[in-house]
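# Per-entry structural report
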Amino acid sequence: MKTCLTAIISSLMIFSPMAYADKWSDQFPHIKATGDIPGDCSYEKMSKKNYKGKTLKINTHAIPVMGEPTALHAEQFEKLTGAKVEVTHTPAGDLYSKAMVPFQAGQAPYDVVFGFSNFINDWKRYLAPVPKKYMNSPEMKDVTKSHMGVSSWDGTMYQYPVDGDRHYLKYRKDVIDNPEMQKKYKADTGNELRVPRTWKEYAQMAKYFNDWDWDGDGEKEYGSAEVMKKDDLMFAAFFSRSVAYAKNPRTPGGFFFDLETMKPNINNPGFVEALTDWVEATKYVPPGGTNFGLGDEIGSFGGGQTLFSFSWDDAFIAAMQDDSPIKNKVGAAPLPGADRVWNRVSNSWENQYNQAPYIVWGWAVGVAKKSKVKDMAFDYLCFFSNGANHQADLAIGRFGVNPFKNSDFDPNIYINSMGWDPEIANSYTQTLLDMEKSNNRVFPLRVPGVFEFTSAVATGTSKALAGQLSPQEALDEVAKEWEAIVSRVGKKAVQDAYAVGVKMEDNKL
Amino acid sequence: MNFKHKYFFLFPGLFVLIGILIFPIIFVVRLSLSGWNSYNPGLDYIGLENYIRLFTDDPRFWESFFRLSFLSVTTVILQYVIGFALAHMVWKDIKFKRFFRVLFLVPMMTTPVIMTVIWRTFFHESLGPVNDLLSVFGVAPKWLTDPVIAKFTVIIVEVWQWTPFMFLLLLAGLLSLPKEPFLAAAIDGASPVRKFIYVTFPLMAPISIGAIIIRLIEASKIMDTVYVLTSGGPGTSTETSSFYIFIKGLREFQMGYAASMSFTYLIIMIISLTIIAKVLTKVLLKE
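Residues numbered from 1 in each chain as written. Chains lettered and ligands numbered in written order. Predicted model: local features only at pLDDT ≥ 70, side-chain atom pairs only at ≥ 80, totals over all residues.

## Looking at the overall build of chain A
Looking only at helices and strands, chain A has 24 helices and 14 strands in total. Rg of the C-alpha trace for chain A: 23 Å, near the compact-globule value of 23 Å for 509 residues, within the 12% margin. Taken across its 509 residues, chain A has 58% of its residues classed as buried. (Helix = DSSP H or I, 4+ residues; strand = E, 2+ residues; numbered from the N terminus. Rg over C-alpha atoms; globule rule 2.2 N^0.38 Å. Buried ≥ 20, exposed ≤ 12 C-beta atoms within 10 Å, placed from the backbone.)

Written as structure tokens, this is what we have:
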């Protein structure tokens, strides 16, 4: 009821004629679609702040993803408050160390640091908790429960929500829903052509639609675009494929580890099955697809080269932008599931359908504990994600800002301001909303030394994809490495941190 | 006379030497004896734990080292052969000599990371122009996704980028050679091949050794090409020592362990390059 009410109020604010033309949208064309939206950090409220003579230093990602909105909102913030904002752009791979090195040296060269939400455990001791006044703001109350959890550590919020991320399936609606294609597929394979419910169906369809020109544009198309390049977020793609086989709602107490013993689950038959599928997937990706990073995946699916893709929102938003050749020809759906799921307690397969959403890590931002301008820093972040900026940012795929507020799940936002087909807008928002409601979600691993764990997964799985090791051998190697890391970091430290994530997965937080 | 004050004049140089050379090495050694990482920042003392781990429980480091040896030796040999051929060509009086001399230097003057991004685009297996052209002949090599071919892709890019450096050193060497031995060989009626084998090549030996050693030192640090082209993949097939140290140090933030790898790597390189220099001197300067 509360969600509906928020959505209705937001819609009224967004689409009321008064909102479209106001003094703020005249000065700041970025928000021309909505005008200023009243709130604690609206343009109107920020214009009453006076930060003249103060400097805010921000370290953010390279342009465009997250870097462009950071710089844009910094410029707006300067104009409104009189502050001076210095923005430094850093490649994704260096965001962690660029903040961590001075943090560990007791310095704060940046007041605001952007990174990924899974940095939280390592960064939290150097970040200031989000003050109560922001926590109690209506904008914050609109943030989904999942993303409140992702931004917080055991109930304390250290990362200001500016983005929401999850992995879901993207598919070519003009093929999957095409009656002629459905008939042809049925005749050739004996199976139904539909949105794949399982990874096995996904593979069958991807193989069938691989390496021929199925959209008649004179170019060959392929089955699937996936992030398979080593160390380039590939571990997240692997976890997306693993959740269906290894996240069993009847065995709480840990997806990545058994929380009680801290024994890694990563090489159990559920994960091995997922990696076996993934190795098979190398046969239906475009040429060079096993070296695709996220940018390649976005370009490939967004450019109409493949039937399927799964990962962050970006490929879907890119496909739905006005300049896309496949605008309004794509659909969103939950990640495929599996016809069986591994029960790590009974050590056996359960032959029943299982699907689990993966609330993957995404962009996150915090304020340095040692910053001397914390108030201004939080005001900037609050302004960054105010109603008007957030709505405008959502519409620009390259910004990398994705839904994380309950009001974002109103399909009218996408229909009216972005020109999406109503059916697609509905499937998109419903997919995201269903993930929020699921009781079988997997959250990102957020333990001390998280990069050692994810790096081990990237190395092991890439060896399997390259044919250097079998899936079982590769994951045994990862498990061995994980055990060594746990032992180096300290079992208790990892266990305590992992318990917080498990509480979220087991719906106890 | 008392000359003690002369030592004061040594201080600026000594200070710079300590600041930029000695201190970093000492700091790396100290760091390598600590467990500094993301969850345990600080120079604690853990003895030789990192070194024991490196020598007993990290085959990936040694695999990456042998891969690096293969890549650097292969690229430097190719660079030497091609660089010598090009230098020899423009050493002679040919048309547009100046133009070619500048042209051959262009790859070295470009930014390695940017050029590698361009090479990656060239070799992109579905969007790149290389396979588009080769498809005319019905072939489409997996430049970046086949574990064996990917190594050769790295070699191609490295050779393209750094052959000009070899060319420059060897051309400078050729231009400084005395004319008399060549005149004597011409009077004796030596063919161009014999002249090259018995005059040019031996005279160029000292310069060749220097050029090869300098390039071997540089090639053994190969990092940006691997980072941009393949990220060490597919699997670990193009992962080199420096890239592996980068992953452990700046990706996984295992600073102490990365320092122990760096120091070990430094010692290995000093020993192996000394041996290589001695062997080359013995072989090429035997006469």
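That shown, we press on.
## Points about the overall build of chain B
For chain B, the count of helices and strands is twelve helices and zero strands. Ordered by position in the sequence, the α and β elements of chain B form the string α-α-α-α-α-α-α-α-α-α-α-α. Each principal axis of the C-alpha distribution contributes one length, and for chain B these read about 80 × 70 × 30 Å. Within chain B, the proportion of its 287 residues that are buried is 33%. For chain B, long-range pairs separated by at least 24 residues make up 69% of all intrachain contacts whose partners lie at least 6 apart in sequence. (Contact = placed C-beta atoms within 7 Å.)

## Details of the interface of chain B and chain A
Contacts between the two partners involve 26 residues from chain B and, on the opposite side, 27 residues from chain A. The element best represented in the side of chain B that touches chain A is helix 11 (residues 241–251) of chain B, accounting for three residues. Here the side of chain B that touches chain A is built from residues that sort into nine nonpolar, 14 polar and three charged. (Nonpolar A, V, L, I, M, F, W, Y, C, P; charged D, E, K, R; others polar.)

## Remarks on the domain arrangement of chain A
Residues and elements named next belong to chain A. Entries for chain A in the domain assignment read domain 1 (2–161 + 361–434) and domain 2 (168–250 + 284–350). Put simply, the middle of domain 1 and the middle of domain 2, counted by C-alpha atoms, are 30 Å apart. Per-element tally for the side of domain 1 that touches domain 2: the top contributor is helix 21 (residues 422–437), with five residues. Counted by class, the side of domain 1 that touches domain 2 contains four nonpolar, six polar and two charged residues. (Domains from an automatic or database assignment.)

## Regarding the nonpolar core
Counting 204 residues, the largest nonpolar core has A:Val112, A:Phe238, A:Leu275, A:Tyr380, A:Leu381 and B:Leu170 as the members making the most contacts within it. Residues lining this core come from more than one domain, with at least three contributed by each of domain 1 (2–161 + 361–434) and domain 2 (168–250 + 284–350) of chain A. Discounting chain neighbours no more than four positions away, the residues touching A:Tyr380 are A:Leu56, A:Phe77 and A:Val112. (Core = buried A, V, L, I, M, F, W, Y, C linked by C-beta atoms within 7 Å.)

## Some points on the sheet that holds strand 1 (residues 55–61) of chain A
Residue and element names in this part refer to chain A. Strand order in the open sheet made by the four strands is 2-1-3-14, with mixed pairing throughout. Among the strands making up the open sheet, the edge pair consists of strand 2 (84–90) and strand 14 (363–367). Averaged over neighbouring strand pairs, the angle between their axes works out to 20° when direction is ignored. This element, helix 5 (residues 67–81), spans strand 1, strand 2 and strand 3 (112–116) of the sheet and lies at about 175° to strand 2. Contacting strand 1, strand 2 and strand 3, helix 6 (residues 92–104) runs over the sheet at an angle of about 130° to strand 3. (Pairing = 2+ DSSP bridges. Axes fitted to C-alpha atoms, helices over the stretch in contact; angles between N-to-C directions.)

## Looking at helix 23 (residues 471–489) of chain A
Residues and elements named next belong to chain A. Across its 19 residues, helix 23 extends 27 Å between first and last C-alpha, which sits within 8% of the 27 Å expected from 1.5 Å per residue. Those residues of helix 23 that fall on the buried side of the exposure criterion are Pro471, Ala474, Leu475, Val478, Glu481, Trp482, Ile485, Val486 and Val489. End-on, the buried residues of helix 23 take up no more than an arc of 145°, which puts them together on one face. Elements that come into contact with the buried residues of helix 23 comprise strand 9 (263–264), helix 15 (269–281), helix 22 (450–465) and helix 24 (491–505). Where helix 23 ends, the next residue or the one after it, Gly490, has phi of about 110°, a positive value. (Expected span 1.5 Å × (residues − 1). Arc of directions from axis to C-beta.)

## As for the pairing of strand 1 of chain A
All names here are of chain A. Where burial is concerned, most of strand 1 is hidden: five out of the seven residues are buried. Here strand 1 pairs with strand 2 via seven bridges, running parallel. If you follow Leu56 over to strand 2, its bridge partner there is Val85. Running through helix 5, the crossover from strand 1 to the neighbouring parallel element strand 2 is right-handed. (Right-handed = clockwise from strand over helix to strand, strands pointing away.)

## As for the sheet that holds strand 10 (residues 306–311) of chain A
Residue and element names in this part refer to chain A. In space, the four strands of this open sheet follow the order 7-10-6-11, with mixed pairing throughout. Edge positions in the open sheet fall to strand 7 (222–225) and strand 11 (330–333), since each of these has one partner strand only. In this sheet, adjacent strand axes meet at a mean angle of 20° when their direction is disregarded. Most of the contacts of helix 16 (residues 294–302) go to strand 10, to which it runs at about 140°, and overall it touches strand 6 (168–172), strand 7 and strand 10.

## Quick notes on the environment of A:Tyr43
Residue and element names in this part refer to chain A. Counting through the fold element by element, Tyr43 comes out in helix 4 (residues 43–46). Overall, the presence of 26 C-beta atoms within 10 Å leaves Tyr43 in the buried class. Sequence-wise, Tyr43 and Tyr428 are 385 residues apart; in three dimensions their C-alpha atoms are separated by 29 Å.

## Section: the confidence of the model for chain A
On average, chain A scores 92 in pLDDT, and the residues at 70 or more come to 96%. Within the model, pLDDT remains below 50 along residues 1–19 of chain A, and this stretch shows 23 contacts once partners closer than five positions in the same chain are excluded. (pLDDT = per-residue confidence, 0-100.)

## Let's talk about the environment of A:Val330
All names here are of chain A. Topologically, Val330 is positioned in strand 11. What makes Val330 buried here is the crowd of 28 C-beta atoms within 10 Å. With 154 residues separating them in the primary sequence, Val330 and Ile176 have C-alpha atoms 9.4 Å apart. In contact with Val330, not counting residues within four places along its chain, are Lys170, Tyr171, Arg172, Lys173, Phe316, Ala319, Met320 and Ile424.

## Topic: the pairing of strand 3 of chain A
Residue and element names in this part refer to chain A. Summarising burial for strand 3: five of the five residues are buried, a large majority. Of the two faces of strand 3, the one lined by Val112, Phe114 and Phe116 and the one lined by Val113 and Gly115 are each fully buried. By the bridge criterion, two bridges tie strand 1 to strand 3 in an arrangement that is parallel. In the sheet register, Ile58 faces strand 3, and the bridge partner there is Val112. One ladder, built from five bridges, connects strand 3 with strand 14; its direction is antiparallel. What sits directly across from Val113, in strand 14, is Gly366.

## Focus: the packing of helix 3 (residues 59–91) of chain B against helix 9 (residues 192–219) of chain B
Residue and element names in this part refer to chain B. Remark: helix 3 packs on helix 9, axes separated minimally by 9 Å, with the N-to-C direction vectors making an angle of 140°. Judged on the interaxial angle alone, helix 9 and helix 3 are oblique. Viewed along their axes, helix 3 and helix 9 form a crossing whose handedness is right-handed. Of the residues in helix 9, those touching helix 3 at Ser72, Thr75, Val76, Gln79 and Tyr80 are Ile212, Arg215, Leu216 and Ala219. (Parallel < 35°, antiparallel > 145°, perpendicular 65-115°, else oblique. Left-handed = near helix turned anticlockwise from the far one by under 90°.)

## Some remarks on unusual backbone geometry
That bond from A:Ile63 to A:Pro64 is cis: its omega, 5°, falls within 30 degrees of zero. On the secondary structure map, A:Pro64 appears in the loop between strand 1 and helix 5. The amide bond that connects B:Gly233 to the next residue, B:Pro234, takes the cis arrangement and shows omega of -5°. Summarising the element assignment, B:Pro234 is placed in the loop between helix 10 (224–229) and helix 11. The backbone phi angle of A:Met262 is positive, close to 60°, even though this residue is not glycine. Note that A:Met262 resides in the loop between strand 8 (257–258) and strand 9.

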